[in-house]
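What follows is each chain in one-letter form.
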Amino acid sequence: MSRVIGYLIDGSHERGFKLSVWAVVFLVLLGLSTWLVSEQVASSMRAETQRSLAGYEQLRANLLSTFTEMDRRLTQPACSPAYLQEMRRIAFLPDGINELLYAPNGVVRCSVNSGVLDVPKALGAPDIASDNAFDMAFWLDIDLDFLGLPGLTGTLAQRGNLAMIIPKQPLPTSTPRWMDQELVFRFGEDVWKHREGRSGIYAEALQEEGPARFAMLRGVFYQVSCDTGGIHCVAGRSTIGQLFSFGWLTVAVALLVCGLVAAWVARQVYSIAQRYWSFEERFLRHFEKGSVICAYQPLLDLKTNIATGCEVLARWKDVDGTIVPPDRFLPIIEAHGLTERFTGMVVGHAYADLSMRLPKGIRLQVNFNIFPQDLDASRLIPLFAPLLSEDSPFKVVVEIVETAEINPETAQVEIERLRAADMHVYLDDFGAGYSSMHNLAALSIDGVKLDRSFAMAPHHSVLSRMLDHAIDLVQASGRSLVVEGVETKERLNHLRASGVVDFAQGFGISRPLLIDAYVAYLGKHGPRPSRRPTLVA
Ligand SMILES: Nc1nc2c(ncn2[C@@H]2O[C@@H]3COP(=O)(O)O[C@H]4[C@@H](O)[C@H](n5cnc6c(=O)[nH]c(N)nc65)O[C@@H]4COP(=O)(O)O[C@H]3[C@H]2O)c(=O)[nH]1
């Protein structure tokens, strides 16, 4: 996991990472805005279809009130002059309905405009029977010739013995251009007749799933609204194309905003991921006792050919269990002033490993690396205390690297104090960095580790040719000499043949090993246990 995230947030994948986050966020925002827009479109369409229906709601109210008025006022004998006179008065009411009729059992006998018909007009079966919420029957688009209106058609509504011609009610002309509408007159759940607007929309809308009959997935939006009695219905339809053509500027701005927001989020996510998941942050979050582990690289005594010691090399266990080499985390430890705490962890871990696993009766030289800035005996000695007890089977060596921070005078004082506490001091990586002949001579160190670059250098290279001279130089100082970086048998034999190198260390002898492997290695190549512990190294 940490490897994957580490890979993603590593600088070289910044673009890909940001682009992926951007794409995800952009799509989410796009989905969200599409949903919001579709909600907005749905509610606008609902409002528009209901507005279109409002005229029919009003018409229905007028019909009902006119019927009620006729029922109340037409008490005279049907089709009598007084009856027709009263009917005429009612027809003058400002409700837009001005042709009232007397039509018992679907047979028109008289009307306001025609008076008593010479021949009563039988209307036949109604298109919509009266078993609806308003007890009204309807005849749609009937020929009004019988009322003296040749060539005209109209809709006739009947309640009881009374009837009236409904004036034509067109859809509002101010409907938005991004939407088409159709008005239908419903005869029942599944039977209707087109009345106004664009034919076919209601039928299409009925095909759509869902209670709101709102189908945006196919890029078409439908909305149907019906009046209270469910007789008039207005179906609205709008397509993505229609919406875009009237709102392209909004769409362009929305896309731009989504793009910009996604870019901002991608940048934030990247920097948060980097901050939270960078190796440094991970290391600092999990820098605790169990996360530091030790590897042990054998030190081979060239005089006896026995691996009498080891160098303790720290590793860090990443959150996913990956073992991380020290060059990755040591700079972080130094930058955060954790060096002393870290050395304490390494010493504690090594002590626990070795004291538990080392066969009884073996005395072992154990080399630890310390940070040059920690060269302070008063702080170091307590850290190593468990390994320095009188009956300890360990010979403790601390390896220090010469750096600009080492002042030879103060270093000498600290080295003396360490040695007085039964610790041994080696100069590490001699021949590289800040190594100086003067320090080699002036500091009372016990040994010198030749920088591994000499032994690792290919044959006949300059460094390789310098190896013997470097060995002579250290030998002349009288210090114990360790050559590290020994990778091949040839080089090991060469060093052994020189007769002046005390210890060798390198992959050619053994790689750094975890405790189990190291104990197994010691079983084969280490000192034999003795009843009375004697120092072999
Ligand atoms: N190519 C090659 N490499 C070889 C060979 N033989 C040994 N090495 C590597 O050389 C390094 C020897 O340790 P060093 O010079 O003290 O260099 C150490 C030491 O300066 C530092 N270090 C490691 N553990 C600690 C620690 O606990 N405390 C401190 N302060 N520094 C540590 O990290 C450095 C690197 O440690 P490692 O990565 O473990 O690398 C180790 C070891 O694995 C060889 O034949 N060929």
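Scroll up a little and you will see the structure.
Just so you know, these numbers come straight off a predicted model, no measurement behind them.

Reading the values: the criteria
- Residues numbered from 1 in each chain as written.
- Predicted model: local features only at pLDDT ≥ 70, side-chain atom pairs only at ≥ 80, totals over all residues.
- Heavy atoms only, no water.
- Near = heavy atom within 4 Å.
- Polar contact = N/O pair within 3.5 Å; in protein donor to acceptor, adjacent residues only side chain to side chain.
- Areas by Shrake-Rupley, 256 points an atom, 1.4 Å probe, with all protein chains shown as cover.
- Helix = DSSP H or I, 4+ residues; strand = E, 2+ residues; numbered from the N terminus.
- Phe/Tyr/Trp six-rings, centres within 6.5 Å; stacked < 30°, edge-to-face > 60°.
- Buried < 20%, exposed > 50% of the residue type's maximum accessible area, 1.4 Å probe, protein only.
- Lys NZ or Arg CZ within 6 Å of the ring centre and 35° of its normal.

Visitor: Describe in detail the site of the ligand, supporting the description with residues and values.
Guide: By nearness alone, 24 residues border the ligand, and Glu311, Asn369, Arg452, Glu487 and Phe507 come closest of all. At a separation of 2.8 Å, an oxygen atom of the ligand approaches a polar side-chain atom of asparagine 369. A distance of 3.0 Å separates an oxygen atom of the ligand from a polar side-chain atom of aspartate 428. Protein burial of the ligand: of its 790 Å² of free accessible surface, 87% is covered by the chains. Breaking the shell around the ligand down by element, the ones donating at least two residues are strand 12 (306–317), helix 7 (326–335), helix 8 (339–357), strand 16 (424–430) and helix 12 (452–456). By residue number, the principal contributor to the shell around the ligand is strand 12, which donates four residues.

Visitor: Give a description of the packing of aromatic side chains that names residues and reports values.
Guide: Following the criterion strictly, the structure yields 16 aromatic pairs and no others. Look at tyrosine 83 and tyrosine 102: their rings are 5.7 Å apart centre to centre, the planes differ by 80 degrees, and that puts the pair in the edge-to-face class. Of this pair, tyrosine 83 sits in helix 3 (residues 81–91) while tyrosine 102 sits in strand 1 (residues 100–102), and the two are 19 residues apart along the sequence. The class for tyrosine 83 is buried, based on a relative accessible area of 3%. Since its relative accessible area comes to 15%, tyrosine 102 is described here as buried. An aromatic cluster of three or more residues is present, and its members are Phe279, Phe283, Phe287, Trp316, Phe329, Phe342 and Phe371. Stacked on the ring of phenylalanine 279, the Lys or Arg arginine 328 has its end atom at 4.0 Å from the ring centre. Above the face of the phenylalanine 507 ring, arginine 511 is positioned so that its terminal group lies 3.9 Å from the ring centre.

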